Amino acid sequence: MKEYRRNERDTLAKKIDACRNIHFTGIGGISMSTIAALAKYRGFTVSGSDRSKSEICASLEKQGIKITYGHFAESADECDALVYTAAVDETNPEIARAIERNVLLIPRAAFLGYLMRDYAKRIGVSGTHGKTTTTALISHILLEAGLDPTVANGAVIPEIGGAYKIGAKDAFVYESCEYKDSFLSFDPTLAVITNIELDHTDYFESLDDIIKSFSKAIEGADITVANVDNANVIKALEGYSGRVVGISLGNSQADYYACDLRYEYGCGRYTFCHKGEKLCDISLPVIGSFNVYNSLCASAVAHICGVSPEIIASASATFVGAKRRFERKASVGGIAVYDDYAHHPSEISATLEGASRLGYKNIFCVFQPHTYSRTHDLLDGFEKAFSQANTVIFADIYAAREIDTKGVSSKLLADDMGQLYFPSFEEIAEYLAQTAKEGDLVLTMGAGDVYKIGNILIDKLKEKYETK
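Reference entry: report on the structure contained in this document. (Residues numbered from 1 in each chain as written. Predicted model: local features only at pLDDT ≥ 70, side-chain atom pairs only at ≥ 80, totals over all residues. Heavy atoms only, no water.)

## Describing the overall build of the protein
- Of regular secondary structure, the protein possesses 16 helices and 21 strands.
- Against the globule reference of 23 Å for 468 residues, the protein gives a C-alpha radius of gyration of 22 Å, in line with a compact fold.
- Counting every position in the protein, which comprises 468 residues, the buried fraction comes to 55%.
- Sequence-distant contacts, at least 24 apart, represent 64% of the contacts inside the protein between residues at least 6 apart.
- Put simply, the protein shows about 19300 Å² of open surface, and 47% of that area lies on carbon and sulfur atoms.
- A distance of 4 Å separates the average location of the 49 positive side-chain charges in the protein from that of its 62 negative side-chain charges. (Helix = DSSP H or I, 4+ residues; strand = E, 2+ residues; numbered from the N terminus. Rg over C-alpha atoms; globule rule 2.2 N^0.38 Å. Buried < 20%, exposed > 50% of the residue type's maximum accessible area, 1.4 Å probe, protein only. Contact = heavy atoms within 4.5 Å. Areas by Shrake-Rupley, 256 points an atom, 1.4 Å probe, with all protein chains shown as cover. Lys, Arg positive; Asp, Glu negative; His and termini not counted. Charge placed at Lys NZ, Arg CZ, Asp CG, Glu CD.)

## So, helix α10 (residues 309–317)
- Restricting attention to buried positions, one finds in α10 the residues Pro-309, Ile-312, Ala-313, Ala-315 and Ser-316.
- The inward-facing, buried residues of α10 abut α6 (131–144), β14 (267–274), β15 (277–287) and α9 (289–304).

## Comments concerning the nonpolar core
- Phe-24, Ile-106 and Phe-111 are the most contacted members of the largest nonpolar core, which totals 53 residues.
- Excluding its chain neighbours within four sequence positions, the residues that come into contact with Phe-24 are Met-32, Ile-35, Ala-36, Ala-39, Val-46, Ser-47, Gly-48, Ser-49, Val-83 and Phe-111.
- Among the nonpolar cores identified, the runner-up in size contains 40 residues, and Ile-157, Ala-258, Val-286 and Ala-315 belong to it. (Core = buried A, V, L, I, M, F, W, Y, C linked by side-chain atoms within 4.5 Å.)

## Structural notes on the sheet that holds strand β4 (residues 81–84)
- An order of β3-β2-β1-β4-β5 is seen for the five strands of this open sheet, with the pairing classed as parallel. Both outer strands of the open sheet, β3 (66–69) and β5 (104–107), are each paired with one neighbouring strand and no more. Neighbour-to-neighbour, the strand axes of the sheet open up by a mean angle of 20°, direction not taken into account.
- As defined by bridge partners, β4 adjoins β5 across four bridges and the pair is classed as parallel. (Pairing = 2+ DSSP bridges. Axes fitted to C-alpha atoms, helices over the stretch in contact; angles between N-to-C directions.)

## Digging into the pairing of strand β10 (residues 190–193)
- Neither face of β10 is open: one carries Leu-190 and Val-192, the other Ala-191 and Ile-193, and all of them are buried.
- Across four bridges, the pairing between strand β6 (residues 121–126) and β10 is parallel. Within β10, the residue paired with Gly-124 across the bridge is Ala-191.
- Of the strand pairs in this sheet, β10 and strand β11 (residues 223–227) are connected by four bridges, and their pairing is parallel. By the bridge assignment, Val-192 is partnered in β11 with Val-225.

## Comments concerning the sheet that holds strand β21 (residues 441–445)
- Read from one edge of the open sheet, six strands run β16-β17-β21-β18-β19-β20, paired in mixed fashion. What marks the edges here is a single partner per strand, and that holds for β16 (327–332) and β20 (420–421).
- As judged from the two bridges shared by strand β19 (residues 391–394) and β20, these two strands associate in the parallel manner. Following the sheet pairing, Phe-394 is matched in β20 by Tyr-421.

## Side note on the side chain of Thr-34
- With respect to the helices, strands and loops of the structure, Thr-34 is situated in helix α2 (residues 30–41).
- A relative accessible area of 2% places Thr-34 in the buried class.
- In terms of polar contacts, Thr-34 uses its side chain to reach the backbone carbonyl oxygen of Ile-30, at 3.0 Å.
- Excluding residues within four positions of it along the chain, Thr-34 makes contact with Val-151, Ala-152, Asn-153, Ala-163 and Tyr-164. (Polar contact = N/O pair within 3.5 Å; in protein donor to acceptor, adjacent residues only side chain to side chain.)

## Some points on unusual backbone geometry
- Of note, the phi angle at Asp-260 is positive, near 55°, even though the residue is not glycine.
- Structurally, the position occupied by Asp-260 is in strand β13 (residues 256–264).
- Looking at Asp-260, the relative accessible area reads 52%, which means it is exposed.
- Phi is positive for Phe-326, close to 45°, though the residue is something other than glycine.
- Position of Phe-326 among the secondary structure elements: in the loop between α10 and β16.
- On the basis of relative accessible area, Phe-326 is assigned to the buried category, the value being 15%.

## With respect to the packing of α2 against helix α5 (residues 108–115)
- Two elements in contact, α2 and α5, have axes separated by 10 Å at closest approach and are oriented at 35°. For α2 against α5, the interelement crossing comes out left-handed. Contact residues: Ser-31, Met-32, Ile-35, Leu-38 and Ala-39 in α2; Arg-108, Phe-111, Leu-112 and Leu-115 in α5.
- A per-class count over the contact of α2 with α5 returns seven nonpolar, one polar and one charged. (Left-handed = near helix turned anticlockwise from the far one by under 90°. Nonpolar A, V, L, I, M, F, W, Y, C, P; charged D, E, K, R; others polar.)

## Quick word on the side chain of Asn-291
- Among the secondary structure elements, Asn-291 is positioned in helix α9.
- Of note is the side chain of Asn-291, whose polar atom sits 2.8 Å from the backbone oxygen of Ile-287.
- When near neighbours in sequence (up to four residues on either side) are disregarded, Asn-291 contacts Thr-133, Leu-284 and Val-286.

## Description of the environment of Ala-429
- For Ala-429, the location among the structural elements is in helix α15 (residues 425–435).
- Residue classification places Ala-429 among the buried positions, given a relative accessible area of 0%.
- C-alpha separation for the pair Ala-429 and Glu-264, spaced 165 residues apart in sequence, amounts to 31 Å.
- In this view, Ala-429 contacts Ile-453, Ile-456, Leu-457 and Lys-460; residues no more than four positions away in its chain are not counted.

## Some details on the layout of surface pockets
- Roughly 250 Å³ of volume is contained in the second largest pocket.
- Together, 14 residues line the second largest pocket, and His-23, Ser-47, Lys-66, Ser-75 and Glu-78 are the ones closest to its centre.
- Counting residues per element, the ones that place at least two in the lining of the second largest pocket are β1 (21–25), β2 (45–50) and β3.
- If one sorts the elements of the lining of the second largest pocket by residue count, β2 sits on top with four residues. (1 Å grid on protein atoms, 1.4 Å probe; cavity = no way out; pocket = protein on both sides within 12 Å on 5 of 7 lines; lining within 4 Å. Points joined across faces, edges and corners; volume = space filled by probe spheres on them.)

Read these as spatial facts, not as claims about activity.
If you want it as structure tokens, here you go:
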């Protein structure tokens, strides 16, 4: 199936403009549901399919979008174009029927690139880590400033009640994902790079390949807000002809930087500075030094967009984060249960470092590795990432799009680290219900469905502590 990149956007746009009925295979995903809703708003007749019903699907159906549950060839019988994700291929019956009918097939990223063409400011947030939170925080600050951006994020933003918001045609704020070079389908006017590390080793052959892709992703942007503390970001900026706006945790040579940085209960407090001038004091309600970097990127973008330092400070203080980003789920019997999306060694280490500042007696980290390739290729990093946890419990690897060809498993990882492994979510939750005590923190972590363990645990704790 054809990939459409930036240099082909005009040709693709003409083809899409000629379509009326668009079908979305896998419409229940966060990203797909967002662009399906945007397509409906643009006047297309939209249909979709997904494996099972969900809250996201129910919301789309309320907007008049017809959804079929299950993937059937006949679902592609009426559409002029079909939008798909990297998770499907020609073996999907809808894709196969669309190919048979010579229907226009459009990758998800390419269709999103098409939708944002009409916006004057296109703010694309990229990076190996932090792009979801940074996108959410930029959106939050702009909304607090009375602006009306259109937003497309990779996770739910509580204040807008979803992962997307349809706003005015002035600004489009979006998460720009590097997997399979998706961000090469976008055309930001203001780009953001939070950081760059080795990841997605099932697609990228090396770190140099990733850096080259980030370079291509920003090449047409007028401005790039970049974390200049990250050596790989510096490499990606080589040859860039636009304006670089550097952010740093403490380097006063950067355009924007943090002064007087300190932490209270794990949350960063700092003075937001611009070229030697102190703009405002920022107090974050979210933990960790990684969120200070996210905040610096978001605050720099907002300031470039004309938002006053006073609003940047007040909005930052009320930011609650994106869903599954150190999300507090419950406290039962004095045991706190949190959930986090971290699935890369650097993310795990950073999240646990922040959690360790909160004063809990013990930290139980339940980790579900995401994909065999990442687990295998970043194995050394995983073995070092959990030093701030008292106990680590491994769930089986979430395969996602892969089959096991690497000979790696969660049990092997647990054995190598002298930690625990249980083969089922129920067993993990039962162990935690019997072992965790008042004053402890249980943190489920991973990009798959590990959050379900927290739900099971909360029910068990309620039964244990609240049943009379």
